[in-house]
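The residues making up each chain are set out below.
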Amino acid sequence: MVLKGLAMDLETGFYQNRLKKESWRTVLTLAYQSLGVVYGDLSTSPLYVYTSTFAEDIEHSETNEEVYGVLSCIFWTLTLIPLLNYVFIVLKADDNGEGGTFALYSLLCRHAKVNSLPSSQLADEELSTYKKDINTPMQTTFGVKVKSTLERYRVLQRFLLVLALSGASMVIGDGILTPAISVFSAISGAELSLGKEHHLYIEVPVACIVLIALFALQHYGTHRVGFLFAPIVVTWLVCISGIGLYNIIHWNPSVYRALSPYYVYKFLKKTRKGGWMSLGGILLCITGSEAMFADLGHFSQLSIKIAFTSMVYPSLVLAYMGQAAYLSRHHVMENEYQIGFYVSVPEKLRWPVLVIAVLAAVVASQAAITGTFSIIKQCCALGCFPRVKIVHTSSKIHGQVYIPEINWMLMILCLAVTIGFRDTKRLGNAAGLAVITVMLVTTCLMSLVIVMCWHQSVLLAVCFVIFFGTIEALYFSASLIKFLEGAWVPIAISFVFMIVMCIWHYGSLKKYEFDVQNRVSIDWLLSVGPSLGIVRVRGIGLIYTELVSGIPAIFPHFVTNFPAFHQVLVFICVKSVPIPHVRHEERFLVGHIGPREHHLYRCIVRYGYRDAHKDDLQFENDLVCSIAEYIRTGKTRLNGNAAEDLSKDLEDMTVLGTPSTHISGVQLCDDNEVNSESVGTSKLREMHTTHISKPKKRVRFLIPETPKIERGAQEELCELMEASEAGIAYILGHSYVRAKQGSSLLKKIVINFGYDLLTRSSRPPAYALTVPHASTIEVGMVYHV
């Protein structure tokens, strides 16, 4: 099936290239699916926009100027920000098919040396998905100045990182507030039938039960119930547009006149400060717009554009016009809740519409929760969030993850704000500030992308910031003024997560700098044998390190206390690069450390920030096969020199893929395996050892007969195979980071308490969870940073 093929492309991250070859049928299918994933939050906004707008700031008078003015503001807000800004501009700033705040940040990191990852290498820039400027215009003079300024001043680099982290923090806040306001607003329709006195006794408990059920089902994964999402949202959009059209025809067919921007002017002129403050409620009509960009990696630009322009946008406009038409003929409201969405629904349809609204709210909440999981995964990959358990809930559909710790934390906070606020107004104030902050961050980063990545003139970037930034700043000020009325919640949540991310990033950076400053030279490693009586034992030793060059300090610490290491030693670094995906053909960087006869290797395993890390024993076979292929191809240093520097060591590394990408090369199998299918039609010869008695396991390398392998490489392969049969030992470093003497009080608090607490609370690295405990050696060491 077409969708199955697309799922495989999504897994490897090359969806955009494949999409160009797909038919319109596929594009329309994706557009239909995007309705359930991307537009759930945006489509449920009519539930609470008018209620929040008319809460206290403005009154509903008989002249209808307020109603028409609010409708005009809603229409032009929907037109300018989601339609013009996101659909036609921001969606084009994709990072190899990925979107979101960190996608913009990683895009900037690749066009200027502002990367926050300390382990970056020049070799990373040779990755095929590392976007190049080959076919783009020459960079403008101003763009060159901006780039050089960012690269020169560390404070600007830190500000750019903090800006990206603030956007990510607000996305997390949105993941808490969106389920609360969506579910609570949907259930509030029961007020019309049950009465206001049952508000606390019926609606709040029911909303809490729905939220608990929603979070409890997260571990099953979105794909389990995802096939229901699109039909629910389509049904909801058809429902609200049909009701809106009925209200327009039945109550006020001339309400379309309010779409003129002249009514915005009249509205603000009459209401003045009250109208400005009511913008915090009007802002809620675009909640969920940022999902169009954040979820870009799941679909495509064209499918998201088609879904919004053909279905979502007209449905929302009709829904808001219908509510305005009803309110323009009903000026006497006995209760404040009667100005909401359900009052405009015909009485016979209220209960069916309420059921559909609750289902749509659940879909909207699911999208916000999934987006929170996704952004936290990206933060972890870029070294800006403590390590958490990331469960990939689908082996086929890219990007669907579940994080248990974050899920239960979100549930507790979501229930807390629902029970604490118990009304749509304050929930709306909180959600609005979170949404508009993310949009402001996106606008700021987009201005840099226009100059540095798109190489457009500074005038275009300035016009972009002034036009859209002014609109968003106006809404931001209207939301911020309601700080004490609920807007403090996203600020508090964002502040806590910002502190956590900054402390983790600072501590990790200092730890890496300690490793770099205390690494030992290759000279020491090559001379350590005769000086200390080091012996080589059978097997392969995998030494995990964050360093991409040099020998980590834990290794001499280990050898000094235990003077022996394995006959084949591999220094392995599992690192993330600032791109969404690394192709399987470019997964490994393999090289020798010192002369060939020492059997010392360095292997760097590269993942993108959206890639799923290998978490099974297949990784071990992939690693051994990649080293064997490196030896077979002859791209080794034949005249190894112990005195050559570390930069030369890096230059000699070779890019290799997983065994599935070089099926005509070396393949690894056990004696009882038949690997004829994996090696294709190539003629292979079997290489095995004969002098080993009672091996733990029998391992064979299947090697092509041509081209002929030189004798030195054959001996090296035999040594590797013999070591692989003897087994693999995993040497892991366990560091205790402490602030060195003479550090400031603030640094001691951050490192000794903050970073230490986060380290003890966080999960170990992904590789440490999968290695067998019987083969693990843990080396503890104190880092004074």
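What you see is a predicted model; the values in this text were computed from it and never measured. (Residues numbered from 1 in each chain as written. Predicted model: local features only at pLDDT ≥ 70, side-chain atom pairs only at ≥ 80, totals over all residues. Heavy atoms only, no water.)

> Would you mind going over the overall build of the protein with me for this structure?
Looking only at helices and strands, one finds 28 helices and 12 strands in the protein. Evaluated residue by residue, the protein yields a buried proportion of 58% over its 785 residues. Carbon and sulfur atoms provide 61% of the accessible area of the protein, an area that totals close to 32700 Å². (Helix = DSSP H or I, 4+ residues; strand = E, 2+ residues; numbered from the N terminus. Buried < 20%, exposed > 50% of the residue type's maximum accessible area, 1.4 Å probe, protein only. Areas by Shrake-Rupley, 256 points an atom, 1.4 Å probe, with all protein chains shown as cover.)

> What is the right way to look at the sheet that holds strand β3 (residues 535–544) in this model?
Backbone hydrogen bonds are what pair the strands of a sheet, in a parallel or an antiparallel way. Strand order in the open sheet made by the seven strands is β7-β5-β6-β4-β3-β11-β12, with mixed pairing throughout. With one partner strand each, in any of the chains shown, β7 (654–656) and β12 (776–784) form the two edges of the open sheet. Here the strands of the sheet are splayed against their neighbours by 25° on average, with no regard to which way each runs. Sheet topology places β3 next to strand β4 (residues 564–577); eight bridges connect them, and they run parallel. For V537, the partnering residue across the bridge sits in β4 and is H566. This element, helix α23 (residues 554–561), spans β3, β4, β11 (728–738) and β12 of the sheet and lies at about 120° to β12. (Pairing = 2+ DSSP bridges. Axes fitted to C-alpha atoms, helices over the stretch in contact; angles between N-to-C directions. Contact = heavy atoms within 4.5 Å.)

> What exactly am I supposed to notice about the environment of A360 here?
Here A360 shows up in helix α17 (residues 350–381). Classification of A360 as buried rests on a relative accessible area of 1%. For the pair A360 and S43, spaced 317 residues apart in sequence, the C-alpha separation works out to 8.2 Å. Those residues in contact with A360, other than ones at most four positions away along the chain, are G40, T44, I232 and W236.

> Before we go on, may I ask you to explain helix α16 (residues 301–327) in this structure?
Over its 27 residues, α16 runs 37 Å from end to end, which matches the ideal 39 Å to within 8%, given 1.5 Å per residue. Of all the bends found along α16, the most pronounced is centred on F308 and spans about 40°. Counting buried residues along α16, 20 of its 27 residues qualify, which places the element largely inside the surrounding structure. (Expected span 1.5 Å × (residues − 1). Bend = angle between axes of the 7 residues up to and from the residue.)

> What's the story with the pattern of salt bridges in this structure? I'm lost.
Pairing between side chains becomes possible if they bear opposite charge and their charged atoms approach one another. By the definition in use, this model includes 12 salt bridges. Where E65 meets K270, a salt bridge forms, and the shortest distance between an N and an O atom there is 3.4 Å. Residue E65 is found in helix α6 (residues 65–88), and its partner K270 is found in helix α13 (residues 262–271); the two are separated by 205 residues along the sequence. What makes K270 partly exposed here is its relative accessible area of 40%. Between R426 and D423 there is a salt bridge, and its shortest N-O distance comes to 3.0 Å. (Salt bridge = Lys/Arg side-chain N within 4 Å of Asp/Glu carboxyl O.)

> I'm lost on the packing of α6 against helix α20 (residues 458–480) in this one. Help?
Between α6 and α20, whose axes approach to 12 Å, the crossing angle comes to 135°. The orientation of α6 with respect to α20, classified from their angle, is oblique. For the pair α6 and α20, the crossing hand works out as left-handed. Only F464, F467, F468, I471, E472 and Y475 of α20 make contact with α6, whose side of the interface consists of C73, T77, L80, I81, L84 and N85. (Parallel < 35°, antiparallel > 145°, perpendicular 65-115°, else oblique. Left-handed = near helix turned anticlockwise from the far one by under 90°.)

> Hey, could you run me through a nonpolar patch on the surface in this one?
Taken together, the side chains of F142, V458, L459, V462 and I466 make up a nonpolar region of the molecular surface, amounting to roughly 430 Å² of accessible area. It is α20 that provides the largest number of residues to the nonpolar patch, a total of four residues. Among the structural elements, V458 can be located in helix α20. (Patch = residues over 30% accessible without salt bridge, like charges linked within 9 Å, V, L, I, M, F, W, Y side chains within 5 Å.)

> Please explain helix α3 (residues 24–37) as it appears in this structure.
Three or four residues apart is the spacing at which side chains of an α-helix point the same way, because the helix has 3.6 residues per turn. The end-to-end C-alpha distance of α3, which contains 14 residues, comes to 20 Å, matching closely the 20 Å that a straight helix rising 1.5 Å per residue would cover. Every buried residue of α3 is listed here: T26, V27, L30, A31, S34, L35 and G36.

> What is the right way to read the packing of aromatic side chains from this model?
Under the counting rule described, the total for this entry stands at 20 aromatic pairs. With 5.2 Å between their ring centres and 80° between their planes, F75 and W76 make a pair best called edge-to-face. Since its relative accessible area comes to 15%, F75 is described here as buried. The structure contains a cluster of three or more aromatic residues connected by ring pairs, namely Y68, Y262, Y263 and Y265. (Phe/Tyr/Trp six-rings, centres within 6.5 Å; stacked < 30°, edge-to-face > 60°.)

> I tried to follow the pairing of strand β6 (residues 600–608) on my own but got confused; where do I start?
A regular strand places its side chains on the two faces of the sheet in alternate fashion. The element β6 is extensively covered by neighbouring structure, given that nine of its nine residues are classed as buried. Taking every second residue as pointing to the same face, both faces of β6 are buried, with L600, R602, I604, R606 and G608 on one and Y601, C603, V605 and Y607 on the other. Bridging between β4 and β6 involves nine bridges; their strand directions are parallel. In the strand pairing of β6, V577 is matched with G608. The pairing of strand β5 (residues 588–592) with β6 spans five bridges and is antiparallel. Bridged to L589 within β6 is I604.

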